[in-house]
Amino acid sequence: MIDPRVLVEELATDLKHWLPEQRWFAGKDRPVTTVRPLGVTELVEGDPQLLHVVVEVDQDGRREPYQLLVGRRTHPPEIASTSWIGAGGELNAYEASGDADLTSVLLELMARGGQVGTLSFEHEAGVELDTGLRARPITSEQSNTSLVYGGQYILKLFRKLSPGENKDLVLHRALQKIGSKHIAQPLGSITGELDGEPATVGMLQRFVPDAVDGWAMATTSVRDLMASQDRHAEEAGGDFAGEAERLGRAVAEVHADLAKALGSEAADAAELERTVRAMVARLETVAGQVPELAEHAPMLRAAFEKLRGVSADAVPMQYIHGDLHLGQVLRTVNGWLLIDFEGEPAAPVEERQALRSPLRDVAGMLRSFDYAAQQMLVGQPDDVELEQQAAEWAARNRAAFYKGYAVAREDTSVSPGDQDELLRAFELDKAIYEVAYEYANRPDWLGVPLASIARIAQGEA
Ligand SMILES: Nc1ncnc2c1ncn2[C@@H]1O[C@H](COP(=O)(O)OP(=O)(O)O)[C@@H](O)[C@H]1O
Ligand SMILES: O=P(O)(O)O[C@H]1O[C@H](CO)[C@@H](O[C@H]2O[C@H](CO)[C@@H](O)[C@H](O)[C@H]2O)[C@H](O)[C@H]1O
C-alpha cells in the first residue's frame, strides 16, 4: 500500500486544477502555483480508504491551508463529477464528503472521543451521540462543507483553516452555556494541528430539520409582492415585516448574550482611527479592481472619515457574528436561529476574532434586505413599477428589523446621531466588501451592491 503522504504528493498536480473549481475554494482571484501536503491521517484503511488531508496551497507566495477528505477505491461510488481528483496510485481518488460509507466514521469517532494521528475527536460535555447514521452533504454549499447525519446532526468541515479554536465553535459554546435560544446546539468537534498548534477542523451541531433560511423566506415575500396586483408591501399576502422585526429582536438578544458571556469594552480613539483606515484601505483595494466603484470613492471616503467625529468611548465593542445576512439565519417553529459565526470568509483571522461594534451585524442585515429586493431586478429590463416595489419592500423590512433590534437593545449607549454615522459607514463598508465578493464569485450580481452605493451617493439612503 502506498504511503498516504507520497500519494498526496502524487495528487498535487491534479489538486492544482481541481481546487479552483470547488465552490468553497477561497483563492479564486489568482492561479494555484503549488499544492503540498501538510498532514495526512488515514481514518479508514484498505479499499475503500479514507484520508484526512491538510494541504498548503501556494498562490504566488500567498500560502493557505485547506482541509480535504480524500477517498480511494477500486470501484468508485456514484458521486458528482466535480468530486473527482485523479488517479492516486492504483486506486481512484476523489473528494469523499459525498461518500456516506466513509464519512460515518467521523461521527463514530466524535461519539467515542479520542485521537487518530494528529486529529482529536470529541463530543461536548454531557452529550451522547447516536451513531450508525449516514451522512449527505448539504446542497447549499458555501464557504465550507456540511454533512447532515440522518437528519439529526450537521457536521461542518471548515475548508480554509487557521491555527487556534475556530470562532464559530467558541461563540456557539459560549452562547450554549449562557442558554441562548437563538443557536443550534453545538454537540462535538474535530481538532487538527497547524503550525504545531491545535486548529478546529470540524464542528458538529444539532440539525434543525424544518428550518427555512431567511433568504428563502425574504425572497419569496418579494416575489409575492411583485407578482401580485397589490402595489404596496404592507398589502401583500407574503408581507415579511413581522418576521423582520422578530429577527431584529433575536439578533439583539444574541448580542446581549455574547456581551454577557464574553464581555465588552468601550472603543477608544485609536480603535476608531484603525477602523477608518481599514475601511479606506478596503475601498482603495476594491476600487482598484472594479472601476465602477472608483467614481463613488470621494463620497465613501467622506462617510468613513466622519467616524473620527464619533464619541469613541460610547461605542461598545464585543464579539459579534461578523458576516450576518439573511442566509445566516434560520426560521424554526420556535423562532429565529443564527448560524455560522465565523465572520467574513475573506477577512484575516485576527480581524474575524477581534471585538467589534455590534452595529456591524445590524448593517450586514440591513444590506441583506436591500439584496433580497434588488436581486429580483438582476437581468430584467428597466421597469419603474418593479423598482419602486423593490425599494419599498427593502425600506419596510429594514425599518421593521431595526425597530425590533432597537427595542430589544434599549441598553445601547451610543447616541442616535453617532449611531446613524456608524451604521451608514458600516453599511457602506459592507457594500464595498460585497462588490469584491460579487466580482470574484457572481459577476452577474455585481450591480446589486453597486446600485446601493450609487443610491446612497445620490442621498436616497
Ligand atoms: N443547525 C442547522 N440546522 C439546519 N440547517 C442548517 C444548520 N446549520 C446550517 N444549516 C444549513 O447549512 C447551510 C450552510 O451552513 P453555514 O454554517 O452557513 O456554512 P458555510 O460556513 O459553508 O457558509 C445553511 O445555509 C443552512 O441552510
Ligand atoms: O454565507 P457566507 O459566509 O459564505 O457569505 C458569503 O456569501 C454570501 C452569499 O452567499 C454573501 O452574501 C451576499 O449575498 C447574499 C445573497 O446571496 C445577501 O443576503 C448578503 O446580504 C450579501 O452580503 C456574503 O457577503 C459572503 O461573505
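Residues numbered from 1 in each chain as written. Chains lettered and ligands numbered in written order. Predicted model: local features only at pLDDT ≥ 70, side-chain atom pairs only at ≥ 80, totals over all residues. Heavy atoms only, no water.

- With an unreviewed UniProt entry as reference, the chain is termed Maltokinase, source organism Amycolatopsis regifaucium.
- Under the UniProt heading Pathway (unreviewed entry), the entry covering the chain gives this text: "Glycan biosynthesis; glycogen biosynthesis."
- The Subunit (unreviewed entry) comment attached to the chain in UniProt states, word for word, "Monomer." (UniProt positions renumbered as here; feature names shortened; annotations may be inferred.)

Quick look at the site of ligand 2
Now for step 1: Close contacts around ligand 2 come from 15 residues, with Q142, S143, S368, Y433 and E434 the closest.
Now for step 2: The separation between an oxygen atom of ligand 2 and a polar side-chain atom of D323 is 3.0 Å.
Now for step 3: Take Q328: an N or O atom from its side chain is 3.3 Å from an oxygen atom of ligand 2.
Now for step 4: Put simply, the parts of the chain that give the shell around ligand 2 at least two residues each are helix 10 (359-374) and helix 12 (416-441). (Near = heavy atom within 4 Å. Polar contact = N/O pair within 3.5 Å; in protein donor to acceptor, adjacent residues only side chain to side chain. Helix = DSSP H or I, 4+ residues; strand = E, 2+ residues; numbered from the N terminus.)

Some details on the environment of G322
Now for step 1: Tracing the backbone shows G322 in the loop between strand 15 (316-318) and strand 16 (329-332).
Now for step 2: Here the alpha-carbon distance between G322 and G364, two residues 42 residues apart in the chain, equals 8.3 Å.
Now for step 3: Those residues in contact with G322, other than ones at most four positions away along the chain, are K167, G343, E344, D361 and K430. (Contact = heavy atoms within 4.5 Å.)

Brief notes about the site of ligand 1
Now for step 1: The local shell around ligand 1 holds 16 residues, among which N144, K156, R206, V208 and D340 are the closest.
Now for step 2: Here an oxygen atom of ligand 1 sits 2.7 Å away from a polar atom, N or O, in the side chain of N144.
Now for step 3: One nitrogen or oxygen atom from the main chain of V208 is found 2.8 Å from a nitrogen atom belonging to ligand 1.
Now for step 4: Here ligand 1 loses 92% of its free accessible area of 550 Å² to cover by the protein chains.
Now for step 5: A class-by-class count of the residues in the shell around ligand 1 yields seven nonpolar, six polar and three charged.
Now for step 6: Shared between two domains, the shell around ligand 1 holds at least three residues of each, these being domain 2 (101-206) and domain 3 (212-457). (Areas by Shrake-Rupley, 256 points an atom, 1.4 Å probe, with all protein chains shown as cover. Nonpolar A, V, L, I, M, F, W, Y, C, P; charged D, E, K, R; others polar. Domains from an automatic or database assignment.)

Quick look at the sheet that holds strand 17 (residues 335-338)
Now for step 1: The sheet built from three strands is open, its strands ordered 13-16-17 with antiparallel pairing. Strands at the two margins of the open sheet, each flanked by one partner only, are strand 13 (212-213) and strand 17.
Now for step 2: Across four bridges, the pairing between strand 16 and strand 17 is antiparallel. Bridge pairing in strand 17 links R331 to W336. (Pairing = 2+ DSSP bridges.)

Quick notes on the side chain of S189
Now for step 1: Here S189 shows up in strand 11 (residues 186-194).
Now for step 2: On the accessibility criterion, S189 (1% relative accessible area) is buried.
Now for step 3: In contact with S189, not counting residues within four places along its chain, are M110, S120, F121, E122, E124, L169, R173, G202 and M203. (Buried < 20%, exposed > 50% of the residue type's maximum accessible area, 1.4 Å probe, protein only.)

Considering the packing of aromatic side chains
Now for step 1: Taken as a whole and judged by the stated rule, the model has 12 aromatic pairs.
Now for step 2: Their ring planes at 40° and their centres at 6.3 Å tell us that W215 and W445 sit as a pair that is tilted. Pair noted here: W215 is in helix 4 (residues 214-227) and W445 is in the loop between helix 12 and helix 13 (447-457), with a separation of 230 residues, a long-range link.
Now for step 3: Where F240 meets W393, the ring centres are 6.2 Å apart and the plane angle is 25°; that geometry is what we call stacked. A residue pair is termed long-range when its members are at least 10 positions apart, and F240 in the loop between helix 4 and helix 5 (241-262) and W393 in helix 11 (residues 384-408) qualify at 153 residues.
Now for step 4: Overall, the relative accessible area of 1% leaves W393 in the buried class. (Phe/Tyr/Trp six-rings, centres within 6.5 Å; stacked < 30°, edge-to-face > 60°.)

Let's talk about the environment of G113
Now for step 1: Inspection of the secondary structure puts G113 in the loop between helix 2 (100-112) and strand 6 (114-116).
Now for step 2: Its relative accessible area of 33% is what places G113 among the partly exposed residues.
Now for step 3: Sequence separation of G113 and F207 is 94 residues, and the distance between their C-alpha atoms is 20 Å.
Now for step 4: Leave out the neighbours within four places in its chain, and G113 touches F121, E122 and H123.

Section: the domain arrangement of the chain
Now for step 1: Segmenting the chain into domains produces domain 1 (4-99), domain 2 (101-206) and domain 3 (212-457).
Now for step 2: The straight-line distance from the C-alpha centre of domain 1 to that of domain 3 is 36 Å.

Topic: the pattern of salt bridges
Side chains that carry opposite charge are capable of pairing whenever their charged atoms lie near each other.
Now for step 1: In this structure the tally under the stated criterion is 31 salt bridges.
Now for step 2: One network of salt bridges, with partners in common, ties together D29, R30, R62, E64 and K160. (Salt bridge = Lys/Arg side-chain N within 4 Å of Asp/Glu carboxyl O.)

So, empty space enclosed by the protein
The method is simple in principle: a probe with the dimensions of a water molecule rolls over the atoms, and the space it marks as empty is what remains.
Now for step 1: Following the criterion strictly, the structure yields three cavities of 30 Å³ or more and no others.
Now for step 2: Looking at the largest cavity, its volume works out to about 130 Å³.
Now for step 3: Looking at the largest cavity, it is lined by 14 residues, and the ones nearest its centre are S162, N166, K167, E342 and V349.
Now for step 4: In terms of residue count, the dominant contributor to the lining of the largest cavity is helix 9 (residues 349-353) (three residues).
Now for step 5: By residue class, the composition of the lining of the largest cavity is four nonpolar, five polar and five charged. (1 Å grid on protein atoms, 1.4 Å probe; cavity = no way out; pocket = protein on both sides within 12 Å on 5 of 7 lines; lining within 4 Å. Points joined across faces, edges and corners; volume = space filled by probe spheres on them.)

Quick notes on helix 2
Now for step 1: Over its 13 residues, helix 2 runs 19 Å from end to end, which matches the ideal 18 Å to within 8%, given 1.5 Å per residue.
Now for step 2: The element helix 2 is largely enclosed, with a buried count of 10 among its 13 residues.
Now for step 3: Taken as a whole, helix 2 has its buried residues at A100, L102, T103, S104, V105, L106, L107, L109, M110 and A111.
Now for step 4: G113 occupies a position one or two residues after helix 2 and carries a positive phi of about 80°. (Expected span 1.5 Å × (residues − 1).)

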